[in-house]
Amino acid sequence: MPIPIQELYETRIYPAMSHPLSDPAVSAVAAMLGGLAVRHPAAARILEIGCCSGLNLIPLALRWPGSRFIGIDLSGSAIATARELAGAAGVVNIEFHAVDLRDFKPAGGGFDFIIAHGFLSWVPADVQAALFAFCRGNLTPTGIATISFNLECGWRPRFPVIEKARAIQQAGAGDEMSALAILRSVTEPGSPELAIIDDMLAKGPAILAFDDFGPINDPWPLDRFVQTAAAAGLRWLGESHPGNNLPQNPDARTLEKLRGHSTDLLAFYLAADATAGRAFRSSVLCREDARLAERVAWEQVFEWSVRGAFLPSSSEDQRIFQAIASAAPASVPLDVVVAAMPGCDRRDVARRVGEGIQRGWILPRIEPVCFDVEPPPRPALNPFRLECARRRLPLVDIWHQPCSFPAGHYAVLAAMDGSRDLCGLAAFSKRHCPELAFEPWLRHLAGRGLFT
Ligand SMILES: C[S@@+](CC[C@H](N)C(=O)[O-])C[C@H]1O[C@@H](n2cnc3c(N)ncnc32)[C@H](O)[C@@H]1O
């Protein structure tokens, strides 16, 4: 009999963190590429379902003070932590509710963004159905839901490993980690299961109990997701990061396999997922009755900001990439990129950038991000990051990426309240964490925008 979900999340602390794939600054671009006139997240109502202790939602509320945020979760203890963190951070545009999604009746109108990250594959069938029905009933006409889920083709090979480890556990091996270690020692060298076992061991005990060994572990294929959404009155618009629709840099074998599916987009993506052994997607849905533009006007690309992900192969694209990279690490409006390319044709750049976004070598956002990469004279984390440092939780960087640290580093981070100058902080670091190479580390933190 599986442990009930609520008991698991009340009695063990879920290692919550931020999830860049759920960031509305990027999913809004994905929606616009799908032809939807989505609202700007700086003036929006944003809900997170299964928000846990708020590490994903609070930084978004800090980023967009003009928007309203609601987080809900079944776990009362996670919601209590979320409220404490929001209080310590002084965030006033957010509220948290400990409630089962099936009982949640929000007041105040629909949502422009709904986020359900790490939720669908970990809840029972009636809650899965409630998620789609909730989104259909509570999205605004131009709203989007970003829902992540594990993919069957990449996740399924884990099940025999989980079954064997559980059998070892039942025979008295103790926790999941010990069972996996025993399983590893008796697995044939060269077996594909070894890589899976190593991956599970690398996740560690804090995450394994909720992840591979969670009481419900239900990966879906993409077509089931799209069809279930459609039956609930929702339309699939693709991935929340537009460059993630296809696995990046497919090899020749993959391309050959995909060629036969080139006319049916869903079949094409299914084949791509299967070939790549993909295990995860983060998809965007809108209402079935939403008005979608048939094609995206090329001028629209100029509303977004961009940064580079990797060097493309064509020389014309490389010229654009270099212009983007000259502003790195900032994400800059396309006009800035064009200004760095005298004599270029705006329309041609817009077309190439649009393609670059779909292929993943350009990372788009709905708004620019610019910050100083030099450490400030008196390093100060904002109150939310400072509170996370005190609690040894991951810190969320400027790209909404979580940064975790070895235990000793947290004492130095918690001292970054603006009261010490660089010399004082270096001395503090030497005293409390002698193994830390303080200066390069501080530069690394500044380079991730942690002092903004
Ligand atoms: C796997 S965790 C994911 C947490 C977070 N979204 C993340 O991705 O890191 C699933 C979360 O959903 C919550 N949850 C499960 N069933 C729920 C329900 N019926 N209503 C609301 N929250 C629920 C759990 O308490 C837990 O915090």
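As the structure is a computational prediction, the values presented were derived from the model and not from experiment.

1. A short note on unusual backbone geometry
Next, step 1: Following Ala328, the chain continues to Pro329 via a peptide bond in cis, the omega torsion being 5 degrees.
Next, step 2: As for its position among the elements, Pro329 is in the loop between α14 (315-325) and β9 (332-333).
Next, step 3: In the Ramachandran plot, Cys52 falls in the positive-phi region, its phi being about 55 degrees despite a non-glycine side chain.

2. Things to note about the site of the ligand
Next, step 1: For the ligand, the set of nearby residues contains 22 residues, the closest of which are Tyr9, Gly50, Leu74, Leu101 and Gly118.
Next, step 2: For the shell around the ligand, the secondary structure elements donating two or more residues are α1 (5-11) and β2 (68-73).
Next, step 3: When its residues are assigned to classes, the shell around the ligand shows 14 nonpolar, 5 polar and 3 charged.

3. A short note on the pairing of β2
Next, step 1: Across the 6 residues that make up β2, a large majority, 5, are buried.
Next, step 2: When strand β1 (residues 45-49) meets β2, the two strands line up parallel, connected through 5 bridges. Counted as the bridge partner of Arg45 is Arg68 from β2.
Next, step 3: In this fold, the crossover linking β1 to β2 by way of helix α3 (residues 57-63) has right-handed handedness.

4. Remarks on the pairing of strand β10 (residues 362-365)
Next, step 1: Both faces of β10 are covered, namely the face carrying Ile362 and Pro364 and the face carrying Leu363 and Arg365.
Next, step 2: As judged from the 4 bridges shared by strand β8 (residues 305-308) and β10, these two strands associate in the antiparallel manner. Across the sheet, the residue bridging to Ser305 is Arg365, located in β10.

5. Things to note about the environment of Arg68
Next, step 1: Position of Arg68 relative to the elements: it lies in strand β2.
Next, step 2: On the neighbour-count criterion, Arg68 (18 C-beta atoms within 10 Å) is partly exposed.
Next, step 3: Filtering out sequence-adjacent residues up to four positions away, Arg68 remains in contact with Arg45 and Asn93.

6. Notes on the sheet that holds strand β5 (residues 139-150)
Next, step 1: Taken together, the 7 strands give an open sheet; going across it, the order is β3-β2-β1-β4-β5-β7-β6, and neighbouring strands pair in mixed fashion. The two strands at the open ends of the sheet, each matched to only one other strand, are β3 (94-98) and β6 (234-239). The sheet shows a mean angle of 20 degrees between the axes of neighbouring strands, direction not considered.
Next, step 2: Here β2 runs beside β3; their pairing, made up of 5 bridges, is parallel.

7. Concerning the nonpolar core
Next, step 1: Ala31, Ile58, Ile114 and Leu285 are the most contacted members of the largest nonpolar core, which has 108 residues in total.
Next, step 2: Tallying contributions element by element places helix α2 (residues 24-33) first for this core, with 8 residues.
Next, step 3: Judged by nonpolar contacts, the second largest core, of 11 residues, contains Ala179, Leu183, Ile197 and Phe213.

8. What to know about the packing of helix α8 (residues 176-186) against helix α9 (residues 193-203)
Next, step 1: In the contact formed by α8 and α9, the axes pass within 10 Å of each other and the chain directions differ by 155 degrees. One way to sum up the angle between α8 and α9 is to call them roughly antiparallel. As for the relative orientation of α8 and α9, their crossing is left-handed in sense. Of the residues in α9, those in contact with Met177, Leu180, Leu183 and Arg184 of α8 are Leu194, Ile197, Met200 and Leu201.
Next, step 2: Considering only residue class, the contact of α8 with α9 consists of 7 nonpolar, no polar and 1 charged.

9. Some words on the domain arrangement of the protein
Next, step 1: For the protein, the assigned domains read domain 1 (5-153 + 219-287), domain 2 (157-208), domain 3 (299-365) and domain 4 (383-447).
Next, step 2: Distance from the C-alpha centre of domain 1 to the C-alpha centre of domain 4: 30 Å.
Next, step 3: Tallying the contact residues gives 12 residues for domain 1 and 10 residues for domain 4.
Next, step 4: At the level of secondary structure, the elements contributing two or more residues to the side of domain 1 that touches domain 4 comprise α3 and α4 (76-89).
Next, step 5: Residue composition of the side of domain 1 that touches domain 4, grouped by class: 9 nonpolar, 2 polar and 1 charged.

10. So, the environment of Phe438
Next, step 1: Tracing the backbone shows Phe438 in helix α20 (residues 438-447).
Next, step 2: Its 17 C-beta neighbours within 10 Å are what place Phe438 among the partly exposed residues.
Next, step 3: Between the C-alpha atoms of Phe438 and Gly190, which are 248 residues apart in sequence, the distance is 41 Å.
Next, step 4: Not counting residues within four places of it along the chain, the set of residues in contact with Phe438 comprises Ala426 and Ser429.

About the criteria used
Residues numbered from 1 in each chain as written. Predicted model: local features only at pLDDT ≥ 70, side-chain atom pairs only at ≥ 80, totals over all residues. Helix = DSSP H or I, 4+ residues; strand = E, 2+ residues; numbered from the N terminus. Near = placed C-beta within 6 Å. Nonpolar A, V, L, I, M, F, W, Y, C, P; charged D, E, K, R; others polar. Buried ≥ 20, exposed ≤ 12 C-beta atoms within 10 Å, placed from the backbone. Pairing = 2+ DSSP bridges. Right-handed = clockwise from strand over helix to strand, strands pointing away. Contact = placed C-beta atoms within 7 Å. Axes fitted to C-alpha atoms, helices over the stretch in contact; angles between N-to-C directions. Core = buried A, V, L, I, M, F, W, Y, C linked by C-beta atoms within 7 Å. Parallel < 35°, antiparallel > 145°, perpendicular 65-115°, else oblique. Left-handed = near helix turned anticlockwise from the far one by under 90°. Domains from an automatic or database assignment.

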